[in-house]
Number of protein chains: 2
Amino acid sequence: METVPELACPIAPVVDLVFSRWTTPILWTLNEYGRQRFVELERRIGTITPKVLTQRLRQLERDGLVTRTYHPEVPPRVEYEISELGRSLAPIFHNLADWSKRNLAQVDEARSRYDENN
Amino acid sequence: METVPELACPIAPVVDLVFSRWTTPILWTLNEYGRQRFVELERRIGTITPKVLTQRLRQLERDGLVTRTYHPEVPPRVEYEISELGRSLAPIFHNLADWSKRNLAQVDEARSRYDENN
DNA sequence: GTAGTCACTTTCCTCTAGGTACCTACTAAC
DNA sequence: GTTAGTAGGTACCTAGAGGAAAGTGACTAC
């Protein structure tokens, strides 16, 4: 009998790692469009603020899912790339996209049904 | 060029659905231990409060991932069960557990390396 | 007549993630 | 000399999620 929530659910740590706020769009974009600069990420994701993007990128770098390359030029140039470890998540992302395609409509139906009956 | 974050990342909706706070432990527990009552869930998950458990269960029921059965007895008895739609997520959970087993150590190593170099 | 069980509900409170806005150094270009 | 551009950093503020604690209703057992 464990009181620690991590042990009640073995995937809790990886969920924290991969599916915390903003990390999915960042990893997805890096995986989809390859190595790119800070502003490119910012524009592609669209609604993220630079402060939060920096925070999340630092965290992902620390976790070894993203590689940061700093070029000391003027103006400065920094490139972000998904690491090999990060790329190993691609099949899971693919599975999720697949599940989404197949079942998201059922979720919408369930919601409509639930809302009709209050 | 889309500014909507959902379109920048096709799996954003399913991430919101499945990996928002507390939903993973709940779904995992229901999938692992089968149909069970409110208090059983509460005890197994351990640190969740009744208020939040109710909220999350309602949401999962609305999304069609969980089935709720109310028995009008005294004291009242309510049973929760994972739905077929919910069960279709099991392979994804399995993949995550698998990835976790294989790669979580590398994440720890990456963190140690990062923290050493400040 | 009081305590206990269950599945919540309600009220109040805290805490922190995230947003806004502004600042930084450095140089080129106008 | 001022404007632009990059990759952030910093200070301040707010909304909302979530926790704590107590209440509820209906019945039973003691």
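It should be emphasised that the depicted structure is a prediction, and the values quoted were computed from it without experimental measurement.

Before going further, it helps to examine the UniProt feature "domain: HTH hxlR-type" (unreviewed entry) in chain A. Those residues carrying the UniProt feature "domain: HTH hxlR-type" (unreviewed entry) are residues 9-108 of chain A in this numbering. Measuring from the first to the last C-alpha atom of residues 9-108 of chain A gives 27 Å, for a span that is 62% helix and 14% strand.

The next thing to look at is the interface of chain B and chain A. The interface of chain B with chain A comprises 40 residues on the first partner and 40 residues on the second. Both faces considered, chain B and chain A share a buried interface measuring about 4000 Å² in area, 72% of it formed by carbon and sulfur atoms. Taken together, the links from chain B to chain A amount to 4 salt bridges. The residue B:Arg62 makes a salt bridge to A:Asp115 at a minimum N-O spacing of 2.5 Å. Here chain B is connected to chain A by 8 residue pairs in polar contact (both at pLDDT 80 or more). For the side of chain B that touches chain A, the secondary-structure elements that each account for two or more residues are helix 1 (5-8), helix 2 (12-18), helix 3 (23-33), helix 4 (38-45), helix 5 (50-62) and helix 7 (90-116) of chain B. Looking at the side of chain B that touches chain A element by element, the count peaks at 15 residues for helix 7 of chain B.

Further remarks concern unusual backbone geometry. Excluding glycine, a negative phi dihedral is what most residues carry, and trans is how most peptide bonds are arranged. Residues and elements named next belong to chain B. With an omega of -10°, the peptide bond between Val-74 and Pro-75 qualifies as cis. Position of Pro-75 relative to the elements: it lies in the loop between strand 2 (66-71) and strand 3 (77-82). At Trp-22, a residue that is not glycine, the phi angle is positive and equals roughly 75°. As for its placement among the helices and strands, Trp-22 is situated in the loop between helix 2 and helix 3. Among the residues examined, Trp-22 registers a relative accessible area of 17% and is labelled buried.

Looking at where B:Gly34 falls in the secondary structure, it is placed in the loop between helix 3 and strand 1 (36-37). Remark: the alpha-carbon pair of B:Gly34 and B:Glu81, spanning 47 residues in sequence, is separated by 6.4 Å.

On to the sheet that holds strand 2 of chain B. Across a sheet, paired strands are connected by hydrogen bonds in the backbone, their directions being either parallel or antiparallel. Residues and elements named next belong to chain B. With antiparallel pairing, 3 strands are arranged side by side in an open sheet as 1-3-2. At either margin of the open sheet sits one strand with a lone partner, and together these are strand 1 and strand 2. In this sheet, strand 3 lies alongside strand 1 in antiparallel orientation, the contact comprising 2 bridges. Bridge assignment links Arg-37 to a residue of strand 3, and that residue is Glu-79. The strands touched by helix 5 are strand 2 and strand 3; relative to strand 2, the strand with the most contacts, the crossing angle is about 115°.

This next bit is on helix 5 of chain B. Residues and elements named next belong to chain B. The end-to-end C-alpha distance of helix 5 is 18 Å, a good match for the 18 Å that 13 residues give at a rise of 1.5 Å each. Residues Val-52, Leu-53, Arg-56, Leu-57 and Leu-60 constitute the buried set of helix 5. Across the axial projection of helix 5, the buried residues extend over an arc of 130°, all falling on one side. Looking at the packing, one finds that the buried side of helix 5 touches helix 3, helix 4, strand 2 and strand 3. Looking one or two places after helix 5, you find Gly-64, whose phi comes out positive at around 80°.

Around DNA strand C, 19 residues are found, and the nearest of them are A:Arg21, A:Lys51, A:Arg56, B:Arg68 and B:Tyr80. For DNA strand C, the backbone makes up 68% of the atoms found within 4 Å of the protein, where backbone means sugar plus phosphate. At 2.4 Å from a base oxygen of DNA strand C is found a side-chain nitrogen or oxygen belonging to A:Lys51. Here B:Tyr80 contributes a side-chain N or O atom positioned 2.5 Å from a phosphate oxygen of DNA strand C. Looking at the surface near DNA strand C, the element that brings in the most residues is helix 5 of chain B, giving 4 residues. Its residues assigned to classes, the surface near DNA strand C comprises 9 nonpolar, 2 polar and 8 charged.

Thresholds, definitions, all that
- Residues numbered from 1 in each chain as written.
- Chains lettered and ligands numbered in written order.
- Predicted model: local features only at pLDDT ≥ 70, side-chain atom pairs only at ≥ 80, totals over all residues.
- Heavy atoms only, no water.
- UniProt positions renumbered as here; feature names shortened; annotations may be inferred.
- Helix = DSSP H or I, 4+ residues; strand = E, 2+ residues; numbered from the N terminus.
- Contact = heavy atoms within 4.5 Å.
- Buried area = accessible area lost by both parts, 1.4 Å probe.
- Salt bridge = Lys/Arg side-chain N within 4 Å of Asp/Glu carboxyl O.
- Polar contact = N/O pair within 3.5 Å; in protein donor to acceptor, adjacent residues only side chain to side chain.
- Buried < 20%, exposed > 50% of the residue type's maximum accessible area, 1.4 Å probe, protein only.
- Pairing = 2+ DSSP bridges.
- Axes fitted to C-alpha atoms, helices over the stretch in contact; angles between N-to-C directions.
- Expected span 1.5 Å × (residues − 1).
- Arc of directions from axis to C-beta.
- Near = heavy atom within 4 Å.
- Nonpolar A, V, L, I, M, F, W, Y, C, P; charged D, E, K, R; others polar.

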